[in-house]
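Chain and residue survey
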Amino acid sequence: MKSNDLKLESMAKELEASGQYRVLRRLQSRTVIEQPDGSEMRMGLFLDVETTGLDPTNDEIIELAMVPFTYGLDGRIFQIHESFQRFRQPSLPILPAITALTGITNEMVAGQVIDPAEVMAFVGDAALVIAHNAAFDRRFVERLYDVFLSKPWACSMTQVDWGSEGYEGTKLAYLAMGAGFFYDRHRAANDCMAAIELLASRLPKAGVPAMRHLLERARRPSWRIWAESAPYDLKNALKARGYRWNGDENKSPRAWYIDVDDDVKERELIYLRTEIYKREFEPILRKITAYDRFSDRL
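Another point: the nonpolar core. Generally speaking, soluble globular proteins have nonpolar side chains that are buried together. Residues F69, I130, L199, M211 and L214 are the most contacted members of the largest nonpolar core, which totals 36 residues. Counting only elements with at least two residues in this core, the list comes to β3 (61–72), β4 (77–80), β6 (128–131), α6 (172–178), α7 (188–200) and α8 (210–219). When residues of this core are assigned to their parent elements, the largest contribution, 10 residues, is made by α7. Dropping the residues within four chain positions of it, I130 is found in contact with L45, F46, L47, F69, A154, S156, L199, M211 and L214. In terms of nonpolar packing, the next biggest core, distinct from the first, is built from 23 residues, L64, V129, A134 and V141 among them.

What follows concerns the pattern of salt bridges. Two side chains that carry opposite charge are able to pair once their charged atoms sit near each other. Evaluated as defined, the whole model comprises 22 salt bridges. Among the ionic pairs, E142 bridges to R297, the shortest N-O distance being 3.2 Å. With E142 in helix α5 (residues 134–144) and R297 in the segment after β12 (284–288), this pair connects stretches of sequence that are 155 residues apart. With relative accessibility at 9%, the residue E142 sits in the buried group. One salt bridge in this structure joins R273 and E282, with 3.0 Å as the shortest N-O distance. If you follow the salt bridges from partner to partner, you end up with E34, D37, D74 and R76 in one network.

Analysis parameters
Residues numbered from 1 in each chain as written. Predicted model: local features only at pLDDT ≥ 70, side-chain atom pairs only at ≥ 80, totals over all residues. Heavy atoms only, no water. Core = buried A, V, L, I, M, F, W, Y, C linked by side-chain atoms within 4.5 Å. Buried < 20%, exposed > 50% of the residue type's maximum accessible area, 1.4 Å probe, protein only. Helix = DSSP H or I, 4+ residues; strand = E, 2+ residues; numbered from the N terminus. Contact = heavy atoms within 4.5 Å. Salt bridge = Lys/Arg side-chain N within 4 Å of Asp/Glu carboxyl O.

In structure tokens form, the structure reads like this:
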């Protein structure tokens, strides 16, 4: 560390020691978070997309970033590897509101394409794909790149219980500030780097890397329970409990449904039988794993 950096860090520590200030540090790019110690490792891939809107059936990807990293089965993150970042020109011009949100202009994407073969080669043998709001990113990339269909996915936004650890909100920028750093936003690769640093950081209450909690949640199966033909006058009760309505023309029932963890499945079935149907009832169940979780295929 340079002498001026040492001086600034000393000043930051002095401010923090006073109890009157909290200092946020700019995220510094690095390739080694923790030195490998011979334990078994996997290759993870953090992914982020910028798009022309929120609907994967009508909107398009305009930027794709992926950052590979190695992690241990216990959740420790060791090394961050060279990133992938590409722009893509959509079929229609990017709206000013999207440029204001993403920082991406029509000039930046003009003539740009993302080669599926290049994406497939980069993803390679990644053991896990992670996104911050995987329910959004996965639905977009699976429509263009088949390699993501067969990969297990995890979500750094929903599969770590940030609230119980004292964080307010789950937006990446908020979580980063809660962890003591800030970063240059508006670039998908920067979001990936920030999220990896966040997963590598130790949770303030649990005292373990956030990545450990994410892996534990991702490994556990969950269940989609369909409350098919539920009484109409109880729809508000289902909605208040977290059920969502499927009104789409797809293979799934047009009915209320909820996704629950494996350890609360039986409790949810008891609720349906006693509070909704008031009789013995066997609802449609679908087991969900990391291979199809967050995907439109559900």
